[in-house]
Amino acid sequence: MIFRNRLVSIQLGVGFILGLMTSMGWLRGQPPELRVQEVLAGEALGNVHAMQWDGDGRVWFLGHSAGEAWLSTSERRPDDTLKRPEMFAKGLKPAKTFVCCQGGVLLPQGTETLWLGHGEEREVRFLGWSEEPHKVPHSWHRGLNGMLSGLSGNELYQMSQDGRHVRPVATCQEKRFTALALREDGQWLLAHTDTAFPLALASHGGTVTLPAFEGAGTLSPIHSLYLNTATAFPLTDSLLFAGTAQGLWSVQLSWDDLPPDSTGWVSLYHPPKGWIVRQTLLSPAGKLWCLESHATRGYSRLVALHWHPSRLVAIPVLDGMDACFAALREAPFPWRQHAQDRLVASADREAWIPKLQDSLFDPHIDANGFDSQALHALWILQQWGCISGEHPESLTVVAQALRHPSPSVRRTAMLLYPSDLLADLADDLAPVEDDDVYVVRDALLAMSKAPPSDALGKQILARLQAQRWILRSPSLRELATNAAIQHASGFLAATAEEALPADLESPRFRTLLSHVWAAFSAEADRETLAIMKNAIRAATEPELASFLLNPT
C-alpha cells in the first residue's frame, strides 16, 4: 500500500511537471525564456483582420462586424500596452488589408481605393486595384518607391506610379498566395499553398521568380510573414517570422545562395488551441506583437512576445526634417518609411538633395547587409524626379552607388538608373564583377530594357565570361538571353571577336547564342545580315561560326 501511494505520488508529480513544462512550451520547442503578454482581447479589440503603425506612433486596426468593416485607433502606453481603441470609421465595405500613408489610411473598397484622413476627409485616391471586382487584395505592402503591392488569389500585383491601374508581377500557377513581405530593396517574399515549397522570391524589376525556398514544408499554410530587415529587433538574429496555425516560427535566411537555404526553422511560440497567428509587427519596445484570430469566437486578441531582458526601442519623434533624416538610419522600418514620406513631401527639396547625395558616400551597413539611409536616399531622389538626364549631379551619384558595399544599394541604383542612359556606363559598369546573384539578375533585367547598344552587347558577353554560373541558373540564363537579344548586334560582334573559353561553348551557351542569332537575323536588313555573317565566319572559333550559320 505504501509503495502504491508513493507510485501514485510520483506519477502525479511527474504529470504536474510535464504539464507545467508543456504549458510553458518547453516540450513543444518553445524557448523557455519566452514571455507572453496579452495586450488586447475581447470586446476591447473586436474581430480584427489587420493592424498597422502610423507615423505618429498610433496603432490602427481593421475589423469586421455585422457584414461591415470598421477602422479603430489606439495609443501606446509607456509599458508597451495599448489603450482601449477608439472607433475611427464605420460602415465600410468588407476589406482584409490597408496601409497607413499620405497622412491617412488607404483602404480597398471594391474596385476603388478610399483614402481616409485623420479628420472627416474621405476621397477616392485611385480606381481599380483590379478591373475585376472579385480580385480583392488580401495583403497590402507599400515599398520605398511609394507603390503598393498586393496579393489576390494566385497573383501578385503592383500599383502603377500614377495609381490608376495595377499590373501583375508574379503568378503561382494553380497555387494560391497566402502571405506577402516586402524587403527594403524591393524584393517580395511570398508564401503560397504548396506544402513542399511554400516560400518564393520575386523582384520589383520584373516578373522573375527565383527557385523556391526549401525546408519549410511543415509550416504550410503560412498566414503571415514578417521580415526583420532592421537590427532594431534585438531578441534574435532571425530574419523571417512566419505565422501559422501551429504558431510563430523564425529562421535565419541566407539571401546569397541560389536557391536560398531556409532550413533550420525554430518554433518560437504556440498559441492556445484554436488560435491562429494572422499578423506580426514589431512594437516600439522590441517585442513581437502577434494578432491572432479564433475559428469560432467573435473576437481577436493581440499578444506581445518578448525575452528577458529586452532592449527598448524608442519611437522617433518625426517633428522636423532633421529628425526625419536621422530616422532614415536609426529607426525601425515602419517609422523610417514614414520619415521618407515626410521628406518626399518637403517643400525645401534643394536643401536636402546634397545631404541625400552625401549619405550614399557614408556607408553604415547593418548585420543584414542593408544601408537603410542610402536606400531611402535613392528612393527619395527617384520620387523627386532627380534621377534623370536633367539632374547630372544626382545621376553621377547614382552611378557611383553601383560600387556601394551594400548589395541592396547596388541593385537599387541599377534599377533606378535611366535605361536610356545605361549605355553610357557600359565601359565601366561596376556590377560586371559583382557576385551577388540579385545584383546580377537586376543588371541583366535593366540591360534588357535599355535601347539597343553595341557597348551593352559586349558588356553582356563580358558578364557571361566573368560569371559563368549565370548559365547554370535557368531564370538567370533566360534573363541573359533576353538582354543579349536586345543588344544582339554588339553581342554577336563581340562573340565573333573573342576567343571564348571552353565552358562558354557548352550546350547552354550555344542555345543562348542560337536564340540571339535567330532574333537578329529575323530583324536585320540584308546588308547588315551579310556583314554580320562575314564577321562570324572570320571568328577565331570556326566551329562556333558553323553552328550559327548552319544550325541544321
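Here is what the cut-offs are and how they apply
Residues numbered from 1 in each chain as written. Predicted model: local features only at pLDDT ≥ 70, side-chain atom pairs only at ≥ 80, totals over all residues. Heavy atoms only, no water. Helix = DSSP H or I, 4+ residues; strand = E, 2+ residues; numbered from the N terminus. Buried < 20%, exposed > 50% of the residue type's maximum accessible area, 1.4 Å probe, protein only. Contact = heavy atoms within 4.5 Å. Areas by Shrake-Rupley, 256 points an atom, 1.4 Å probe, with all protein chains shown as cover. Pairing = 2+ DSSP bridges. Axes fitted to C-alpha atoms, helices over the stretch in contact; angles between N-to-C directions. Phe/Tyr/Trp six-rings, centres within 6.5 Å; stacked < 30°, edge-to-face > 60°. Lys NZ or Arg CZ within 6 Å of the ring centre and 35° of its normal. Salt bridge = Lys/Arg side-chain N within 4 Å of Asp/Glu carboxyl O.

(A) Broad picture of the overall build of the protein. What the protein contains, in helices and strands, is 14 helices and 23 strands. Relative to its full complement of 552 residues, the protein shows a buried share of 54%. Excluding contacts between residues fewer than 6 apart, the proportion of contacts in the protein whose partners are at least 24 apart in sequence is 56%. A total accessible area of about 24300 Å² is found for the protein, and carbon and sulfur atoms account for 52% of it.

(B) Structural context of unusual backbone geometry. We note that A66 has phi near 55 degrees; this positive angle belongs to a residue other than glycine. Along the chain, A66 falls in the loop between β3 (58-65) and β4 (68-75).

(C) Just the sheet that holds strand β18 (residues 240-244), in detail. Taking strand neighbours across the sheet as the criterion, the four strands line up as β17-β18-β19-β20 in an open arrangement whose pairing is antiparallel. Of all the strands in the sheet, the pair left with one neighbour each is β17 (222-227) and β20 (266-269). Adjacent strand axes in the sheet meet at a mean angle of 30 degrees, parallel and antiparallel pairs treated alike. Note that β17 and β18 share five bridges and pair antiparallel. If you follow S224 over to β18, its bridge partner there is G243.

(D) A look at the packing of aromatic side chains. Scanning the entire structure with this criterion turns up seven aromatic pairs. Aromatic pair W517 and F520: ring centres 6.0 Å apart, planes at 35 degrees, arrangement tilted. With W517 and F520 both in helix α12 (residues 507-523) and three residues apart, this pair spans about one turn of that helix. Of the aromatic side chains, those joined through ring pairs into one cluster are W53, W289 and W335. Between the NZ or CZ atom of R301 and the centre of the ring of W275, over which it lies, the distance is 5.4 Å. Just above the ring of W352 sits the side chain of K355; from NZ or CZ to the centre is 4.2 Å.

(E) Examining the pattern of salt bridges more closely. Enumeration according to the criterion identifies 10 salt bridges in this entry. The salt bridge involving E38 is made with R301; its shortest N-O contact spans 3.2 Å. One end of the pair, E38, is in strand β1 (residues 35-41); the other, R301, is in strand β23 (residues 301-306), with 263 residues separating them in the sequence. Across the salt bridge formed by R301 and E292, the nearest N and O atoms sit 2.7 Å from each other. Take E292: its relative accessible area is 0%, and that puts it in the buried class. Among the charged side chains, a network of salt bridges with common partners joins D54, D56, R58 and R342.

(F) Here's a closer look at the sheet that holds strand β2 (residues 48-53). Strand order in the open sheet formed by four strands is β2-β3-β4-β5, with antiparallel pairing between adjacent strands. The two strands at the open ends of the sheet, each matched to only one other strand, are β2 and β5 (86-92). Put simply, the sheet's adjacent strands are angled 20 degrees from each other on average, direction ignored.

(G) Geometry of the pairing of strand β7 (residues 104-109). The element β7 is extensively covered by neighbouring structure, given that six of its six residues are classed as buried. Relative to β7, strand β6 (residues 99-101) runs antiparallel, the two being bridged by three bridges. Bridged to C101 within β7 is G104. What sits between β6 and β7 in their antiparallel hairpin is a turn of two residues, with Q102 showing a positive phi close to 55 degrees. Where β7 lies against strand β8 (residues 112-117), six bridges are found, and the strand directions are antiparallel. Residue V105 lies in a different strand from β8, and its bridge partner there is L116. Where β7 folds back onto β8 in an antiparallel hairpin, the turn is made up of two residues, including G110, whose phi is positive at roughly 65 degrees.

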